[in-house]
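Chain by chain, the residues:
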Amino acid sequence: MNNDIIINIEDVAKTYQMGAETVHALRSVSLQIRKNEYIAIMGPSGSGKSTMMNIVGCLDTPTKGTYLFENENVATMNDNELADIRNRKIGFVFQTFNLLARASTLKNVELPLVYAGVKKDERQQRAFAALESVGLQDRTHHKPNELSGGQRQRVAIARALVTKPSIILADEPTGNLDSKTGVEIMRLFGELWKNGNTVILVTHEEDIARHAHRIVRIRDGMIESDTINPSPAEV
Amino acid sequence: MMGISEYFESARIAYQAIIANKTRAFLTSLGIVIGIFFVIMMGWFLDGLDNAFDKTINAIGTDMLYVDKWSWGGSDDWRSVQKRKPISYQQALEASKKMTTAELVAPHASKWGGKITYQGNTLGSVSIVGVTAPFVNTPIGNLKEGRFFSETEDVHSVEVVILGYKVANAFFPDRSPLGEIMRINGRKFLVIGVVNKRGTIITDFIDNQVFIPIQTFMGMFGTARRGVQIAVKAGSQELLDEVREETRVIARQVRNLQPGEEDDFTINESQMFRDEISTLRLYVWGIGIGLTGLSFFVGIIGIMNIMFVSVTERTKEIGIRKALGAKNRSIMWQFLVESSTLCLFGAFIGFLLCATVIFAITSAFPDVDFLTPYVPLHLLFIASIVSIIVGIFAGLIPAYRASRLDPVEALRYE
């Protein structure tokens, strides 16, 4: 087994029961992602892209197939084991930022460390360092509603980074931003990748996906194509 | 194990949630406020009652027996008690001579509704008690000032009086009554002593009496139909059983009872007040527990309801926390801490309310000695524990529901 492989998905399917009807969100998907890849998962709405993201992000488990995350079988894990994997190994960045409105920037970034049981002093130090790395060291005591959209997303990225996760999973990270701010955020992802992080973008926008080095297209619950991007966009 | 950091995180969230919705938090915890109020008021009242009870026992004496026609307890059949012949002075004297185990035997007789006059002022409904000289050694005869009369003075029916605390206070609030001449039912008496305050809410009458030599008493009021009581001091509580037994045997002898006949007297003792007190306690408990239970019931429903609202309002937040690695029990814990913090907050308000009411009551009725202006702090401790438990109980179902939310669904919630 190649130790470089972080994510190893083998013949994974996911079905939902919608009343009397069975919905095949994913039919059969196999995918391997290596350390320090920069990959985009693309697809129109209804393609199974979101289901794919939920499974890759360990928010959900497949109905069928195996999913090894750094050689641990995630497919058969219970709620708490999944929570632990998400906490330690996955950094989420969402389209709607998903910050806690009542908490300060610093508290928001500290949150994953709270669940990891990190002591307060270390927690604050690490959260501050993460905010520094996204250029928000002078916004630590602001509430999310006192920040611009781009700043909020950078807080979310700091929160994703703070646990030093194995992958950063970003779901339409620029979907709620104007294009200029979107470019800034994409530049940040580029830097993260250069610093050795593994970045997974989930998007339906070609403009965003072209930053990635590998593009996986999903349609009707299957992988339609899995190609190397010969000339990733630089910003 | 739950990390300590997670605990503080939960407490912080709970605190913020309450601060963010002050009015809502207050209204929600009103049931708990009222519940805690009843519990503490009840505890306070019972504490006061217990104190009064202890004082009463001490006043009457824990090693004292009082042989009387009448029963204090009310456990004997009232009709048959009423038919008993009074204990005569001769019988009392005979019994006193025969007793060997008791430290002290003191016959005494009472006249209710006596009238005391001093310089034109009259105090009615005072009990006039005729006693023998050794009565000074009973708890009730305990002197505050002056002296008791001697046996010689008793034999010669001298007109001297020892005042009860209340009587002395009524006529001489700011000076000593010693050496004054007062009229008792028209007859002049020299005040030679004052006894200590002994009365409590239950035995208020003790302070409202005066003591004169029993010979003088019988000269004034006669003996024929008048009952005499015999105070018997055992000397210590250990001796009480032995002395009670001898008292009973001798009382039966002097009353000429045949074997098999029922006692026609009662040996009263301080323990008999326990019956009365325990009944009263039971009532207070019953009412208190009933009201408390009802308020807590309403409180629990209120808190449960608001917790369901809180869980729904924060579905998205729960999704975010779960995505960031919160385990089910962390989410559950968060909401349990919130609901018990809410209850604890109610408990503190209830406690403040109690403290206010207690001080208001005690300053409004300063004379009622068992209403003491003290706030039972141990009850605050109990109230806090109870409210935390109530909070956990009320939050259990909403918290469980929150903890089981699917992170994918919760994140999608808007």
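## Considerations on the interface of chain A and chain B
Phase 1: Taken residue by residue, the interface counts 25 residues in chain A and 26 residues in chain B.
Phase 2: Carbon and sulfur atoms make up 57% of the area that chain A and chain B hide from each other, which totals about 2300 Å².
Phase 3: Where chain A touches chain B, the interface holds 1 salt bridge.
Phase 4: The residue A:Asp84 makes a salt bridge to B:Lys327 at a minimum N-O spacing of 3.7 Å.
Phase 5: Looking at the side of chain A that touches chain B, the element that brings in the most residues is helix 2 (residues 79–89) of chain A, giving 6 residues.
Phase 6: For the side of chain A that touches chain B, the class distribution of residues is 11 nonpolar, 6 polar and 8 charged.

## What to know about the packing of helix 3 (residues 105–115) of chain A against helix 1 (residues 4–20) of chain B
Phase 1: In contact at an axis separation of 9 Å, helix 3 of chain A and helix 1 of chain B are set at 135 degrees when each is read in the N-to-C sense. With respect to their mutual orientation, helix 3 of chain A and helix 1 of chain B come out oblique. For the pair helix 3 of chain A and helix 1 of chain B, the sense of crossing is left-handed. When helix 3 of chain A is examined against helix 1 of chain B, the residues A:Lys107, A:Leu111, A:Val114 and A:Tyr115 are found in contact with a partner set consisting of B:Ser5, B:Glu6, B:Glu9 and B:Arg12.
Phase 2: Of the residues belonging to the contact of helix 3 of chain A with helix 1 of chain B, the class tally is 3 nonpolar, 1 polar and 4 charged.

## Topic: the packing of helix 5 (residues 89–98) of chain B against helix 9 (residues 240–254) of chain B
Residue and element names in this part refer to chain B.
Phase 1: Interaxial distance between helix 5 and helix 9 falls to 10 Å at its minimum, and their mutual angle equals 135 degrees. The angle between helix 5 and helix 9 places the two elements in the oblique class. Once helix 5 is placed against helix 9, the crossing between them reads as right-handed. Contacts between helix 5 and helix 9 involve Gln91, Glu94, Ala95 and Lys98 from the former and Glu246, Ile250, Gln253 and Val254 from the latter.

## Concerning the confidence of the model for chain B
Phase 1: On average, residues of chain B carry a pLDDT of 86, and 95% of them reach 70 or more.
Phase 2: At the level of individual helices and strands, chain B shows its lowest average pLDDT in helix 1 of chain B, which scores 78, and its highest in helix 11 (residues 315–323) of chain B, which scores 95.

## What to know about the side chain of A:Arg159
Phase 1: Relative to the helices and strands, A:Arg159 is located in helix 5 (residues 149–161).
Phase 2: A polar atom in the side chain of A:Arg159 sits 3.3 Å from the backbone oxygen of A:Phe97.
Phase 3: Discounting residues that sit within four places of it in the chain, A:Arg159 has contacts with A:Phe94, A:Phe97, A:Asn98, A:Leu99, A:Asn108, A:Val109, A:Pro112, B:Ile320 and B:Leu324.

## Details of the packing of aromatic side chains
Phase 1: Per the counting criterion, the structure on display carries 10 aromatic pairs over all chains.
Phase 2: Aromatic side chains A:Tyr67 and A:Phe69 sit 6.2 Å apart centroid to centroid with 55 degrees between the ring planes, which places their arrangement in the tilted category.
Phase 3: Of the residues examined, A:Phe69 reaches a relative accessible area of 0% and is grouped as buried.
Phase 4: Ring-pair connections join several aromatic residues into one group, and the members of that group are B:Tyr118, B:Phe171 and B:Phe172.

## Re helix 9 of chain B
All names here are of chain B.
Phase 1: Under the 1.5 Å per step criterion, the end-to-end length of helix 9 is 21 Å for 15 residues, consistent within 8% with the ideal 21 Å.
Phase 2: All of the buried residues in helix 9 are Leu240, Val243, Glu246, Thr247, Ile250, Ala251, Arg252 and Val254.
Phase 3: Note on helix 9: the residue one or two positions beyond its end, Asn256, has a positive phi of about 55 degrees.

Definitions and limits used
Throughout this description, residue numbers start from 1 for each chain and increase along the sequence as written. As they are written, the chains are lettered A onward and the ligands numbered 1 onward, keeping that order. Residue-level local features of this predicted model are given only where pLDDT is at least 70; pairs of side-chain atoms are given and counted only at 80 or more, and the full residue set underlies all totals for whole chains, interfaces and linings. With hydrogens and water set aside, each side-chain value is computed from the structure's full complement of heavy atoms. Whether two residues touch is decided by their heavy atoms; if any such pair falls within 4.5 Å, the residues are in contact. Note: buried area is the sum, over both parts, of the accessible area (probe 1.4 Å) each one loses when the two are combined. Put simply, a salt bridge is a Lys or Arg side-chain nitrogen that is within 4 Å of an Asp or Glu carboxyl oxygen. Where helices and strands are cited, they refer to DSSP runs of H or I of at least four residues and of E of at least two residues respectively, numbered from the N terminus. Each residue is assigned to one of three groups, with Ala, Val, Leu, Ile, Met, Phe, Trp, Tyr, Cys and Pro labelled nonpolar, Asp, Glu, Lys and Arg labelled charged, and all others, Gly among them, labelled polar. A fitted line through C-alpha atoms represents every axis, and for helices the fit uses only the stretch in contact; the resulting angles, taken between N-to-C directions, go from 0 to 180 degrees. Any angle between 65 and 115 degrees counts as roughly perpendicular, while under 35 counts as roughly parallel, over 145 as roughly antiparallel, and the rest as oblique. Note: crossing handedness is left-handed where the near helix turns anticlockwise from the far helix by less than a right angle, and right-handed where it turns clockwise. Confidence of the predictor at the level of single residues is captured by pLDDT, which takes values from 0 to 100. Counting of polar contacts relies on pairs of N or O atoms within 3.5 Å, with two restrictions inside protein: one atom must be capable of donating a hydrogen and the other of accepting it, and residues adjacent in sequence are counted only when both atoms are side-chain atoms. Note on aromatic contacts: the rings of Phe and Tyr and the six-membered ring of Trp form a pair at centre separations within 6.5 Å, being stacked when their planes are under 30 degrees apart, edge-to-face when over 60 apart, and tilted otherwise. Relative accessibility thresholds used throughout: buried, under 20% of the residue-type maximum; exposed, over 50%; partly exposed, between the two (1.4 Å probe, protein chains only). Helix span, as expected, comes to 1.5 Å for every residue beyond the first.

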